[in-house]
Amino acid sequence: APGASSLIDSAASSGDAKTDGQRERDIYLTAVEWKGSAKVADEPFPTDPLPEGGGYELIPPDAAGTWGVETYRFDSAVVTACRGERVTLNIFGVNSKFHDISIPAFKKTFRVERGKLSTTTFVVKKAGIFSIICQTHQPSHRADLVVLAC
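Along every chain, residues carry numbers that run from 1 in the direction the sequence is written. At least 70 in pLDDT is required for a residue's local features to be given in this predicted model, at least 80 for side-chain atom pairs to be given and counted, and no such filter applies to totals for whole chains, interfaces and linings, which use all residues. Heavy atoms from the whole structure form the basis of all side-chain values; hydrogens and water molecules are not counted.

Caption draft 1: Region of the structure containing the overall build of the protein chain. What counts as a helix is a DSSP run of H or I of at least four residues, what counts as a strand is a run of E of at least two, and both are numbered from the N terminus. Secondary structure summary: the protein chain contains one helix and eleven strands in total. Counting the 150 residues in the protein chain, one finds 37% classified as buried. By definition, residues are in contact when any of their heavy atoms lie within 4.5 Å. In the protein chain, once contacts between residues fewer than 6 apart in sequence are set aside, the share between residues at least 24 apart is 62%. Of the roughly 8,500 Å² of accessible surface on the protein chain, a fraction of 54% belongs to carbon and sulfur atoms. Categorising residues by exposure relies on relative accessible area from a 1.4 Å probe, with only protein chains included: less than 20% of the type maximum marks a residue as buried, more than 50% marks it as exposed, and the intermediate range marks it as partly exposed. All accessible-area figures derive from a Shrake-Rupley calculation using a 1.4 Å probe, and residue coverage is judged against the displayed protein chains alone.

Below, the structure written as structure tokens:
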């Protein structure tokens, strides 16, 4: 759709600037845990297995019959940048003691801790879609960096 990438850019980043002739883009994400619960009397406790990795959790019913579910996510599943930009990815930890993050295409790994803003910077040299993965809470806790030709 016309203008869709501009809408995504403005929602996911604080904008871009030029320093030393290279465009820069700051992207901000938050690592969050979503939670839900139900009573066994209203909804049966699920018995289907979930993918391994810690990204999805089922909490068995307690004495009152309440069971829960949890999943870890970034607050945006897609962020964008333009080829040639120096990207600074800023991730704030809200839930979980830590998240070990990797961006395999750029050989980046770093840890996000609760209450701290962690950053990593890299230059995007080619267009494509690149995974941002929380190794601690797979498979659900991930986002895609979409690099456009611009």
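Caption draft 2: Structural view of the pattern of salt bridges. A side-chain nitrogen of Lys or Arg and a carboxyl oxygen of Asp or Glu constitute a salt bridge if their distance falls within 4 Å. Here the structure, examined in full by the defined rule, presents seven salt bridges. With a closest N to O distance of 2.8 Å, Arg25 and Glu85 form a salt bridge. Of the two residues, Arg25 is situated in strand 2 (residues 22-39) and Glu85 in the loop between strand 5 (78-82) and strand 6 (86-93); the sequence distance between them amounts to 60 residues. Take Arg25: its relative accessible area is 4%, and that puts it in the buried class. Note on Glu85: relative accessible area 0%, which makes it buried.

Caption draft 3: Here's a closer look at the packing of aromatic side chains. Side-chain rings of Phe, Tyr and Trp (the six-membered ring for Trp) are treated as a pair once their centres are within 6.5 Å; stacked means planes under 30 degrees apart, edge-to-face means over 60, and tilted covers the remaining angles. Applying the stated rule across the entire model yields three aromatic pairs. Residues Phe106 and Phe122 carry aromatic rings whose centres are separated by 4.6 Å and whose planes lie at 25° to one another, so their mutual orientation is stacked. Taken together, the residues span a long stretch of sequence, with Phe106 in the loop between strand 7 (98-103) and strand 8 (108-113) and Phe122 in strand 9 (residues 117-123) at a distance of 16 residues. Residue classification places Phe106 among the buried residues on the basis of a relative accessible area of 17%. By relative accessible area, Phe122 is classed as buried at 7%. Judged by centre distance (5.1 Å) and plane angle (65°), the rings of Phe106 and Phe130 are edge-to-face. On the criterion of sequence distance, the pair formed by Phe106 in the loop between strand 7 and strand 8 and Phe130 in strand 10 (residues 128-134) is long-range, its members being 24 residues apart. Here the aromatic cluster, defined as three or more aromatic residues joined through ring pairs, consists of Phe106, Phe122 and Phe130.

Caption draft 4: Highlighting the pairing of strand 10. At least two bridges found by DSSP between two strands are what make those strands a pair. Direction of pairing for strand 7 relative to strand 10: antiparallel, over a ladder of two bridges. The partner of Ser102 across the bridge, within strand 10, is Ile133. Looking at chain direction, strand 10 and strand 11 (residues 142-148) are connected through six bridges and run antiparallel. In the sheet register, Phe130 faces strand 11, and the bridge partner there is Leu145.

Caption draft 5: Spotlight on the environment of Leu148. For Leu148, the location among the structural elements is in strand 11. Separated by 68 residues in sequence, Leu148 and Thr80 place their C-alpha atoms 7.3 Å apart.

Without other data, these values stay purely geometric and don't point to any function.
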